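In case you want the letters, here they are:
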Amino acid sequence: MPDDLRLRYDESMRRMAAEMFAGGRGHHSAATHLGLPPTTVRKWHRAYVALGLEGLLAMGKKSRSYRWELKVSAARDVVGGGEPKAAVMARYGIASLSPLEKWCKAYREGGAEALRPKPKGRPPGSDAKAVRKTREQELEERVRKLEAENAYLKKLAALGAEKRLRAGRGPR
């Protein structure tokens, strides 16, 4: 079992698959020979074609980030140029199909600007400091809380008395 629990198959399995790919076998043949799911080996094959052995062995260990220009070029080639996704992945060194598909969808909907990086975290100024209350405002708030508490206790006492009356015990 691999040390990193996010990886289902260790490096040796991916290395064996890479040897088969280098020998001319396709992903379906390699999956059958290794006894692995074809979808997994298909992802490995895409990564091998796009990034070579090093890229295949590095899969899942580190998340890759891509520059805006690369995203725009890749999406433009697929959407506007009609090129196959596998060829675009190989040309630009994109390891996985899913980011390319997301880029293409965003490019279709909003053009190149939709692929610009978005700021992370909360917007500036969202943690506005609480305005310091005056002594009078603090006392008014305290009075409102005490009045609400008093009204609650009176209502509770009235409900208790009503319950005792219904039970036939009379007031206390």
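See the structure above.
Note that this is a predicted model, so its numbers are computed, not measured.

Enquirer: Looking at this structure, I do not really get the pattern of salt bridges. What am I missing?
Expert: Pairs can form between side chains of opposite charge whenever their charged atoms are close. Enumeration over the complete set of coordinates arrives at eleven salt bridges. Arg116 is the salt-bridge partner of Glu113, the closest N and O atoms lying 2.9 Å from each other. Take Arg116: its relative accessible area is 37%, and that puts it in the partly exposed class. The closest approach of N and O atoms between Arg166 and Glu162, which form a salt bridge, is 2.4 Å. Of the two residues, Arg166 and Glu162 are both situated in helix α7 (residues 135-167); the distance of four residues between them amounts to about one turn of the helix.

Enquirer: Can you walk me through the nonpolar core in this structure?
Expert: One recurring pattern in soluble globular proteins is that nonpolar side chains are buried together. One finds Tyr66, Ala74, Met89, Ile94, Leu100, Trp103 and Leu115 to be the most contacted residues of the largest nonpolar core, which totals 18 residues. By residue number, the principal contributor to this core is helix α6 (residues 97-110), which donates six residues. Non-local contacts of Leu100, meaning those with residues more than four positions away in its chain, are made with Ala74, Val78, Lys85, Val88, Met89 and Ile94. One finds Met20, Phe21, Leu36 and Trp44 within the second-largest nonpolar core, a separate group that totals 13 residues.

Enquirer: In this structure, what is going on with the packing of aromatic side chains? I would like to understand it.
Expert: The description of an aromatic ring pair uses the distance of the two centres, along with the angle that the planes make with each other. The tally for this structure, following the rule as stated, stands at two aromatic pairs. With a centroid separation of 5.2 Å and an interplanar angle of 80 degrees, the aromatic rings of Tyr66 and Trp103 are classed as edge-to-face. Taken as a pair, Tyr66 in the loop between α3 (38-57) and α4 (68-79) and Trp103 in helix α6 lie far apart in primary sequence, 37 residues in all. With respect to burial, Tyr66 and Trp103 carry one shared label: buried. For Arg116, the ring lying beneath its charged end belongs to Trp68, and the centroid distance is 3.8 Å.

Enquirer: Help me out: how do you make sense of the environment of Gly55 in this one?
Expert: Within the secondary structure layout, Gly55 lies in helix α3. Residues Gly55 and Trp44, eleven residues apart in the sequence, show an inter-C-alpha distance of 9.4 Å.

Procedures and definitions
Residues numbered from 1 in each chain as written. Predicted model: local features only at pLDDT ≥ 70, side-chain atom pairs only at ≥ 80, totals over all residues. Heavy atoms only, no water. Salt bridge = Lys/Arg side-chain N within 4 Å of Asp/Glu carboxyl O. Buried < 20%, exposed > 50% of the residue type's maximum accessible area, 1.4 Å probe, protein only. Helix = DSSP H or I, 4+ residues; strand = E, 2+ residues; numbered from the N terminus. Core = buried A, V, L, I, M, F, W, Y, C linked by side-chain atoms within 4.5 Å. Contact = heavy atoms within 4.5 Å. Phe/Tyr/Trp six-rings, centres within 6.5 Å; stacked < 30°, edge-to-face > 60°. Lys NZ or Arg CZ within 6 Å of the ring centre and 35° of its normal.

That is the geometry; function is a separate question.
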